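Architecture and fold: a report
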Amino acid sequence: MAAADSPSTALRRRDLCSRGIRLAGKMRADVIDLLDAYVEQQGLDASASVAAVEGMPLAAVERWDEQTGTQRLLENLAAYRAFHALLAQMLEEQREQLGEADAGLGRALAAVLLQVSAFAYHLEELLRLENRGIPGEEEDGPPPPPRLSLFEQKLRGLGVLRELAQWAVRSVRDLRQLAKPSPATGAAPGLADSP
Amino acid sequence: MFSRWNWVACGFYLVLNICSPDASGGLVQSCGHIIPESPVLALGSNFTALCILNESCLDFGNIYASQIIWKIKNRLVPKEQYREINRTVSSVTFNDTSSLATPLTCNILADGQIEQNIYGITVTVGLAPEKPKNLSCIVHQVSRFTYVMTCTWNPGRHTFLDTQFRLRYSWPEEIFPDCIPKDVNNSCTVTDIQFFVNTEIWVEATNALGKAESDPLVVDPIDIVKPLPPQNVSVSSGVLPTVLKLCWENWISDAVMTLKFNIRYRIVGDTNWMEVPSEDTASPRTSFSVQGLRPYTEYVFSIRCMKEDGVGYWSDWSEEKTGITTEEQPSKGPPIWRIIDTSHSPACWTVHLIWKALKPFEANGVILQYELTVRDKSSLSNPVKKYNVTSTNHTLELPEGTYEVTLIARNSVGASPPSVLLIPASNSKAPVKNLRALPKHDKLWVGWTAPNSYVLKYVIEWCLVSSSSNCIIEWQIALGDVQGIDLKGIKPFKCYLITVYPLYADGQGSGQSVKAYLKQDRPSKGPTVQTKKVGKAEAVLTWNHLTVEEQNGFIRNYTILYKTIDGNETVVTVDPSKTEYTLSSLTSDTLYTVRMMASTDNGSRTGPDFTFTTQKFGKGEIEAIVVPVCLAFLLIVLLGVLFCFNKRDLIKKHIWPIVPDPSKSNIAQWSPQVPAKHNFNSKDQMYPEGSFTDVSVVEIEADDKKSFSEQDLKPFDLLKKEKSTSEGHSSGIGGSSCMSSPRQSVSDSDEGETAQNTSSTVQYSTVVLNGYRDQTPVQVFSRSESTQPLLDSEERSEDHAGGADSTAQRQQYFRQNGGQDETNTDRPCFERTKQITHANEGDLVGFVQLQISGQSSQPLGLGMEKNTQESALSSVLQTCTEGQTVRPETVEENPLSVDEMPKSYLPQTVRQGGYMPQ
C-alpha cells in the first residue's frame, strides 16, 4: 500500500506530519503555560500528585518503538478525542466556577481545546492517507463522569493537562517516526508493517 | 342629475373606505392593494406590478380596473404600460427598473375626473453583490501569545442596497464564528487564530438581491504571520576594536515558529545602512557578533525577524540601538603644511606649521597629542627640536634654511605613522603647468599638468578673496599621481584664489595661482558712474571697480549707456580693467543721462543713473570772444580818453558852462531888471493879474497855413522889420526864437499832417511884460500851447543842458517874447545851423511864412544876439537864414533831426523862466 503512494500523497503525508509535529509542539508549550496558570488560578500545588483520570489514555507505553504507524495514529487519535471531551468538560466547569471572572484561563483552555481538535484532524487525515477507516466516535460519547467535588474537579483538570503535555511530547515523536522516509519506498516505516 | 349625485356618493364612499376604521380591527380598509408589496428590484431588470381592487368597492362605487392609473412619484405612467387583466386587476410593466422611483401608486379616476389614490408601494432598486475578490490575510503578532488575523478583500461594485459582508473561516471539522466587519466592508480581523491547521477562509456578501462568495483562501495561519520584532536589543563592544555584539529577545516561542533574522547597521551620522549577510543570520538565535567595523566608531543597529522557512512576513525593524567600538592606534599621520612669513626679515622665517586633524576613521580614537620634530637639514650639528602640541598648528621662528618636519598623532592605544614635510630654503623646483579651475557637478575642480619631474604630492591652497578681510588659507594634500581634485567647502558666487605647489622628494616647486568661482551670478550692484570732466562735445566718465564681494563673478566688461532726454540710448562697451572713459561727439549744452552696467558670464547689473549737461562753449571759445571784446572796449575807452583829453576845453565848457554875469548882460540893459530867482510854483505868482500889459495872440491853423491873408501876416512883417532894425537889443527875443521857432515853423506851416496828429490847432502867444511903474523887472515869456512832439526834444535838450527839472520843462512851453538878457546861446544855434547846411540855399520860399508860424526867427534872434556879443551879425544872419529856409524839408525827411534843437533851448529857457543854475 505504501509502495503505491503517489508523490502527492507522500508530499501530503509529509506536510501533515510536519504540521502535526509543530502543532503538537505548540500544544505542549501552550499546555505547559496553561498548567502554570491553572495551578496558580486553582490554588493547587504544582507538585501535587494526581491519580489517573478515568477515560484518559496514558502516553507512556511499553515497546513504543515497536509500534506500527497505524497503531500510533490510532492511539493518538483515541487519546486526543478523549482529551477533547475532557477539556470541553473542564472548560464548562471552569465557566460555571469562575464565570467571566478569569477569561484568560478560559481562553487558554479553549485554545488548547482547539489545538487538540486540530491535532485530531491531522491524525484523521493521516489515517485517510493510509486508507484506513477512521474509527467513529462513540455515539453517546464517554460515559458521563461521576459527579466530583470542586477540589476533585481541580485535581482532575490538573491531571488532564499534565497528561496532555505528555501526549504532546509523544505525538511529536510518533509523527517524526511516521515522517521518516522508508529506505525502500519512501513510505513511513511504521506503516508498512501495520496490522 | 342622478349620475352626478351617484359619483359624489361614490367618492364619499372611497374616502370612507380608506379613512374609516375597519370593523375587523384594521385602521384602514383600502379599496385595493399592489402586488408585490415594497419590492427590491435589480437595477436594469423589468418589473410588473398589479393593482387589485376590492370587490366591495366595485359593487358600491362602480370602480373598475379600467379606471386605474399608475403614478411614479406623482408622475403619470404612460398608459401603454398598463394592462387590464380583468375588471379588478390592472398591471403596469417597466422594462427598465432604473426609471422607477418611489412611491409607485395605483390611483383611480372616479367619474373620469376625480383622481383618488388606491394604494402605493415603495420600490427599492439596487444590485446584487459582486463576488468579493483579492482576499488576503495576514496574522499580526500583537503580544507574546496573542495573534490576530486581518483579512482584506475587494468588495466589488456599489450595490445601492444594504449589503452585509462576513468573513468566514473553518477547519474541515470545525466552523468558527463569522467575522463581521465594523464600519467597513472590505476587511475584518479575527482574534481566535490557531496555527498548524489549514484554515479555509472566504468572504460572503449578502443583500436583498442575492449572495456572493469569494474564492476560498486555504492557509495555515502560521504561514502568514508577521511577528513582532526582536525586543530588548543591546549592543556591547568586545575585545577587538572591530567587533560589536548584539543580543536580543524573541517574542515568539520556538514552539510556534523558529525565526531567521536580518541585522542592519550604520555609522552614527551616516544615512546608509549596511546589512549583515542574511545567510549568517538565517537560524534561530538571540545574539550575533558583527565584525569588520571601524575602531572607535559609533554604530546604530536594528534587527528584524520572520519565520525561518521564509514563509510569511518580515517583522518591522526593531528599535535602534547604538554601540561604539574600542580604540585602535591611528592609521596614518596627519597631513601637514606650512606658511612661511618672511615679512620681518628675509633671513628669519616665521614658520606656521599647520596640520589637519585626522578623520575619525583614521584617528581610531581620541588624539591626545601631536609630536612635532623639526630637523635642520642644512646644518647637521643643530639638535633636533621636539614639540608636543595638542592643537593643530604650531609657529616656529627659524633662520632661513632647509628643514624636515615630522609629525605624529598619538591616541590612548598608540602613535600614528609619521608625516614628513620638507621645507626647502627656496621653492626652486619646477611648478605645475596649465593650472585651471572649473566647476564640475557643483564642485570646484582644480586641475593641472604635472611637471616633468616626479612629484611626491601636491599641496593645494585656496582662500576666499575678500576686500574687507585677509585671505584665510585652506589647503589640501593630493597624491603625486593625481592631476586634479575637487575642492570642498567652496561657496558659490565667491571668488577663490587657488595655488598649487608640487612637493618633490628633495624640494618644493613654486606655487601657481588661479582665481575661480564655483558658480557665478550677475553682480549684486552696478558701478556708480560720474563725470570727471565735461566739455562741449565730450565728457570724461569715471567709476570705481566693484568690490570682489559685489562682483559675484568675473567682470567681463562694463557697458556705458547714455542718452539725451529724448534721444536714443547709445551703448559703449568698455574693458573691465578701465575706470575711466571719454564720451565724445556729444551735443553741446545738452542734458545727458548715463548709467553703467557691469556684466559677468551670468548676467549684468546696472548702476544708478547720472546726469550731466555738456557745456555751451568749448574750451577757449569764451576767451576767444571775451578777450577781443575787452580789448576793443579798452581801445575805444582809450581813444575816448584821448579824444576827451584833446577836447578837454570843449568838454569843460559843457560840464561847467560859463555862467554869464547877469549884471553884464546886454538884455539887462535892454529890459527891466530880472530878479535873480523866480518862483514857479504858482502861475499867479509868476504872472500876477494885471501884470500883462501887452498881449498879442496869433492863431494859425496848422493845416491851412495858406489861408492866411497878407493882412494877417503884416504884423509879423512888421515885427521882422522891427527885429531887423533893433538887432542890438533884441538878442533875448532872438535867442528865444532861435530856440523854438524852427520847430514851430515845421509844425505849423509845413508839417500839416504831423501837427494834426497832435493838435489841429496850435496856439502861440507872445506875452510881453513891461515894467510896472518901474519897480519890477518885466518878464517876457513866449508861450506855446502846442502839443507837438517838441517835448521829447526838449527833454533831451534838458539832458544836454545838464539838470533842468520838470518845472523847467514846463517852462519851456513859454516863449519869451520880451527881452531877455540871454547870452551864450550861440552854440546850440551853431550846431543846428550846421545840421541844416545841406539844405537847398535857394529854397527861401517859406522864409516869411516861417517867421509867421514860428513867431520869430530864432536863428535870426540868436544870430542877432551873437552878433551883438561877438560882432558877426552878418555872417550869422546868413547862416540862420539858410537854416530857416531849409527847415521844413529837413523835418519832413528826418523829423528826429529837430530833436537836437532844444540843446540850445534849455539854458535859455531856464534863464527865461528865472531858473538860474547856482
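Named according to an unreviewed UniProt entry, chain B is Interleukin-6 receptor subunit beta originating from Promerops cafer. Check the Sequence similarities (unreviewed entry) section of the UniProt entry for chain B; it says "Belongs to the type I cytokine receptor family. Type 2 subfamily." According to UniProt, the comment filed for chain B under the heading Subcellular location (unreviewed entry) is "Cell membrane".

As recorded in an unreviewed UniProt entry, chain A goes by the name Ciliary neurotrophic factor, listed as coming from Promerops cafer. UniProt, in the comment section headed Subcellular location (unreviewed entry), describes chain A in these words: "Cytoplasm".

**A word on the state of the cysteines**
All names here are of chain B. Evaluated as defined, the whole model comprises three disulfides over all chains. A sulfur-sulfur separation of 1.9 Å characterises the disulfide bridge that pairs C51 with C106. For the disulfide bridge between C51 and C106, the dihedral angle about the S-S bond is near -80°, and by the sign convention the bridge is left-handed. With a gap of 55 residues between them, C51 in strand β3 (residues 47–53) and C106 in strand β8 (residues 104–110) connect regions that are remote in the sequence. Among the residues examined, C51 registers a relative accessible area of 0% and is labelled buried.

**Some points on the packing of aromatic side chains**
All names here are of chain B. On inspection of all chains with the given rule, the structure shows 21 aromatic pairs over all chains. Between Y517 and F554, the aromatic rings sit 4.9 Å apart at their centres with planes inclined by 90°, giving edge-to-face as the arrangement. Residue Y517 is located in strand β41 (residues 512–517), and its partner F554 is located in the loop between α4 (548–551) and β44 (557–564); the two are separated by 37 residues in the primary sequence. Since its relative accessible area comes to 4%, Y517 is described here as buried.

**Observations concerning the UniProt feature "transmembrane region" (unreviewed entry) in chain B**
Those places that UniProt annotates as "transmembrane region" (unreviewed entry) correspond, in this numbering, to residues 625–645 of chain B. For residues 625–645 of chain B, the helix share is 100%, the strand share is 0%, and the end-to-end C-alpha distance is 30 Å.

**Regarding the sheet that holds strand β23 (residues 274–275) of chain B**
Residues and elements named next belong to chain B. The four strands are arranged β23-β22-β25-β26 in an open sheet whose pairing can be described as antiparallel. Looking at strand neighbours, the two that pair on one side only are β23 and β26 (321–324), the edges of this open sheet. In the sheet, strand β22 (residues 259–267) pairs with strand β25 (residues 298–307) via nine bridges, with the strands oriented antiparallel. When the sheet's bridge partners are listed, L259 is paired in β25 with K307.

**Remarks on the interface of chain B and chain A**
Taken together, the contact between chain B and chain A spans 18 residues of the former and 17 residues of the latter. Of the roughly 1500 Å² buried between chain B and chain A on both sides combined, carbon and sulfur atoms contribute 57%. Area buried by chain B at its contact with chain A is led by E173, Q194 and F196 of chain B, which between them contribute 38% of it. Joining chain B to chain A, the criterion identifies two salt bridges. Among the salt bridges present, the one from R19 of chain A reaches D220 of chain B, with a minimum N-O distance of 2.3 Å. Of the residues assigned to the side of chain B that touches chain A, the class counts are 10 nonpolar, two polar and six charged.

Conventions adopted
Residues numbered from 1 in each chain as written. Chains lettered and ligands numbered in written order. Predicted model: local features only at pLDDT ≥ 70, side-chain atom pairs only at ≥ 80, totals over all residues. Heavy atoms only, no water. UniProt positions renumbered as here; feature names shortened; annotations may be inferred. Disulfide = S-S within 2.5 Å. Helix = DSSP H or I, 4+ residues; strand = E, 2+ residues; numbered from the N terminus. Buried < 20%, exposed > 50% of the residue type's maximum accessible area, 1.4 Å probe, protein only. Phe/Tyr/Trp six-rings, centres within 6.5 Å; stacked < 30°, edge-to-face > 60°. Pairing = 2+ DSSP bridges. Contact = heavy atoms within 4.5 Å. Buried area = accessible area lost by both parts, 1.4 Å probe. Salt bridge = Lys/Arg side-chain N within 4 Å of Asp/Glu carboxyl O. Nonpolar A, V, L, I, M, F, W, Y, C, P; charged D, E, K, R; others polar.

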